[in-house]
Amino acid sequence: MDPNYSAQDVARCNLCKTAIAQSYCDFCHVNLCKPCIGEHISDDYKKNHVIVPIQQRKSTLIYPKCQRHQNEDCKYQCKDCNISICFDCLASKHHNKEHEFVKLEEVFITKKAHIQSDTEELENHILPAYEEIANELEMRIASLDGEYKKLTTEMSKQREEIHREVDNAMEQMEKEIDEIKVKHHSILKRHLDEIKQLQSLMQQTLLVLNEIEESNEVSKTIHFSSKNEEFSKLPPKVVASAPKFIPKQIEREEFCSLIGKLTPLFTTLEERVFTAKKPNTSVRELLDEPEVLNTIKTEHAKLCRVTCLNEEQIWTSGWTADIKCFNIQGVLQKTIQTKSGEFPNDIAVDNDGALVYSDWKTRTVYKVKNDQTEGIITLQRWIPCNLCVTSSGDLLVTMYIDDYTQSKVVRYSVSTVTQTIQFDDEGQPLYSGNKYIKYISENRNLDICVADHGAGAIVVVNQAGKLRFRYTGHPSPTKNEPFKPRGITTDSQSRILTADHHNHCIHILDTDGQFLRYIDNCDLENPWGLCVDSYDSLFVGEYDNGNVKKIRYSK
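Residues numbered from 1 in each chain as written. Predicted model: local features only at pLDDT ≥ 70, side-chain atom pairs only at ≥ 80, totals over all residues. Heavy atoms only, no water.

1. Focus: the environment of Lys 438
Its location among the elements puts Lys 438 in strand β20 (residues 438-442). Classification of Lys 438 as buried rests on a relative accessible area of 4%. Residues Lys 438 and Val 409 lie 29 residues apart in sequence; the distance between their C-alpha atoms is 8.9 Å. Aside from chain neighbours lying at most four places away, what touches Lys 438 is Asn 386, Thr 398, Ser 407, Tyr 431, Ser 432, Val 450, Ala 451 and Asp 452. A polar contact is formed between the side chain of Lys 438 and the side chain of Ser 407, at a distance of 3.3 Å. (Helix = DSSP H or I, 4+ residues; strand = E, 2+ residues; numbered from the N terminus. Buried < 20%, exposed > 50% of the residue type's maximum accessible area, 1.4 Å probe, protein only. Contact = heavy atoms within 4.5 Å. Polar contact = N/O pair within 3.5 Å; in protein donor to acceptor, adjacent residues only side chain to side chain.)

2. Examining helix α7 (residues 252-259)
Summarising burial for α7: 0 of the 8 residues are buried, a small minority. Looking one or two places after α7, you find Gly 260, whose phi comes out positive at around 150°.

3. Focus: the sheet that holds strand β3 (residues 51-53)
Strands sit in the order β2-β1-β3 across an open sheet of 3 strands; the sheet is antiparallel. In this open sheet, the two strands that pair with only one neighbour each are β2 (30-32) and β3. Between one strand axis and the next, the sheet turns through 35° on average, direction left out of account. Pairing analysis gives 3 bridges linking strand β1 (residues 23-25) to β2, with the strands arranged antiparallel. Bridged to Cys 25 within β2 is Val 30. Running at roughly 130° to β2, helix α1 (residues 34-43) makes contact with β1, β2 and β3 of the sheet. (Pairing = 2+ DSSP bridges. Axes fitted to C-alpha atoms, helices over the stretch in contact; angles between N-to-C directions.)

4. Points about the side chain of Ser 476
Counting through the fold element by element, Ser 476 comes out in the loop between β23 (467-471) and β24 (485-490). Classification of Ser 476 as buried rests on a relative accessible area of 19%. Side chain to side chain, Ser 476 and Thr 478 meet in a polar contact 3.0 Å long.

5. A short note on the pattern of salt bridges
Tallied over the entire structure, the rule returns 17 salt bridges. Lys 479 is the salt-bridge partner of Asp 520, the closest N and O atoms lying 3.0 Å from each other. One end of the pair, Asp 520, is in the loop between β27 (515-519) and β28 (527-532); the other, Lys 479, is in the loop between β23 and β24, and 41 residues separate them in sequence. A relative accessible area of 39% means that Asp 520 is categorised as partly exposed. For Lys 479, a relative accessible area of 15% gives the class buried. (Salt bridge = Lys/Arg side-chain N within 4 Å of Asp/Glu carboxyl O.)

6. Here we look at a negative patch on the surface
A cluster of acidic side chains, namely Asp 167, Glu 171, Glu 174, Glu 176, Asp 178 and Glu 179, defines a negative patch on the protein surface. You can see Asp 167 is positioned in helix α4 (residues 144-214). For Asp 167, a relative accessible area of 44% puts it in the partly exposed group. (Patch = residues over 30% accessible without salt bridge, like charges linked within 9 Å, V, L, I, M, F, W, Y side chains within 5 Å. Areas by Shrake-Rupley, 256 points an atom, 1.4 Å probe, with all protein chains shown as cover. Lys, Arg positive; Asp, Glu negative; His and termini not counted. Charge placed at Lys NZ, Arg CZ, Asp CG, Glu CD.)

7. Thoughts on the sheet that holds strand β25 (residues 496-500)
With respect to topology, 4 strands assemble into an open sheet ordered β24-β25-β26-β27, the strand pairing being antiparallel. Both edges of this open sheet fall to β24 and β27, since each of them pairs with a single strand only. Ignoring strand direction, the axes of neighbouring strands in this sheet form an average angle of 20°. In terms of strand pairing, β25 meets strand β26 (residues 505-509) through 5 bridges, oriented antiparallel. Note that in β26 the partner of Ala 499 across the bridge is Ile 506.

Structure representation (structure tokens):
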């Protein structure tokens, strides 16, 4: 640490090193306490020391020395030659008097203004644009595993299909072989039977011949007719060759073309055009005293969730299977029951106005559109909790594993996983590993804000999943219970609002996690679910009595 500064960044005297500096020499550029001013000036009294208050340091301009008149400062600039000159140069004939001159102080002030403008543009517009590009790239990198896993899954399906077709073809050929074998066997067997029949006739003939040779009977001998000529005519040889399998020679390229085609990686550079973002002119400041505009009686047993359908309607849910839609006057518009008959973990509205809810019983996220309910995400080993539909139309789902040891946030595009947020850069879990619900909301700057009830913290990461900050409550003599956030929402100013259930209030934070104020004057009773409409009207669901209060908290 610089020894001239303390932890509070207080300037110390450069001479004595201990006293706090009240003055500054704008010629020598040193900090001075009052006792050291005289010593500093007396050390070199020939210098043009300029002692100013410490708050005005570096206010005296340091002009360049004239190359022709070495003891003179150049306080003018020739606009034609673009060089600095002193007063003597201006008064003498050493420089063309027809040229146009301007005071260097004026050039300095103009240039300083340009530099300040450049600094503000770089800090407030150009650098954030690069941060946005970097965040986008980090998120795309994080989603690569999901994209390529989908690719290999499609190839695996094709592999299984080809294996199935090959097995079918082989089975068909084996069947044909069996049929040919039966036919081959039949042909040979028929000829064998014919040969054996002739052999039997020959044996009978031999017996007759033997009898005649032993006999003296004239009649049998003279009437015998030889059959050797007939028997000597051998039967034809049956030639039946077994079929052969001739494997087809398959060229690698030909085989690959049968499987399918993999397109190459295609990259291109698209020109980006920097457009400075216009400042937000519709700043909505916080009211000194928030006020309740309306109270909607939902008659939910243990009201937990509330989400805006539009400026005129809200969806609500509690610890029953009923999900109810009310208008802001409190009139019930519609009731939907969950598929499982159990209470939903959370409800949300997508960019098309369809209701989305998570069901812990079936481990499924459902979408309800035109009174038709369909499951869009079903998990294995994980249980879906809270939902957030992003500005881009993606769905963020908080979930915990069924042994209650891990929690994470998963981003879905339709039903495809594109991002998983679970660990920080050191490999440590971002969220508490338990079944406590992790409420979630996306900020206008695309930060992902999670109210981690189990950890007693608001955990905020950027679009790429990098940790930005944790908020663990604000010390207050009137808030006696530990900070255990429930519902969370964000408004048009990127402020974060979270329900402090046990302390009966709402915390309002800025986009960097700095505490701004409480909403604790509206007789809130166990606030739980939160949502904000496009006019920054806050809807607060009260857990025990089932009421939703509409609150105006900003101008």
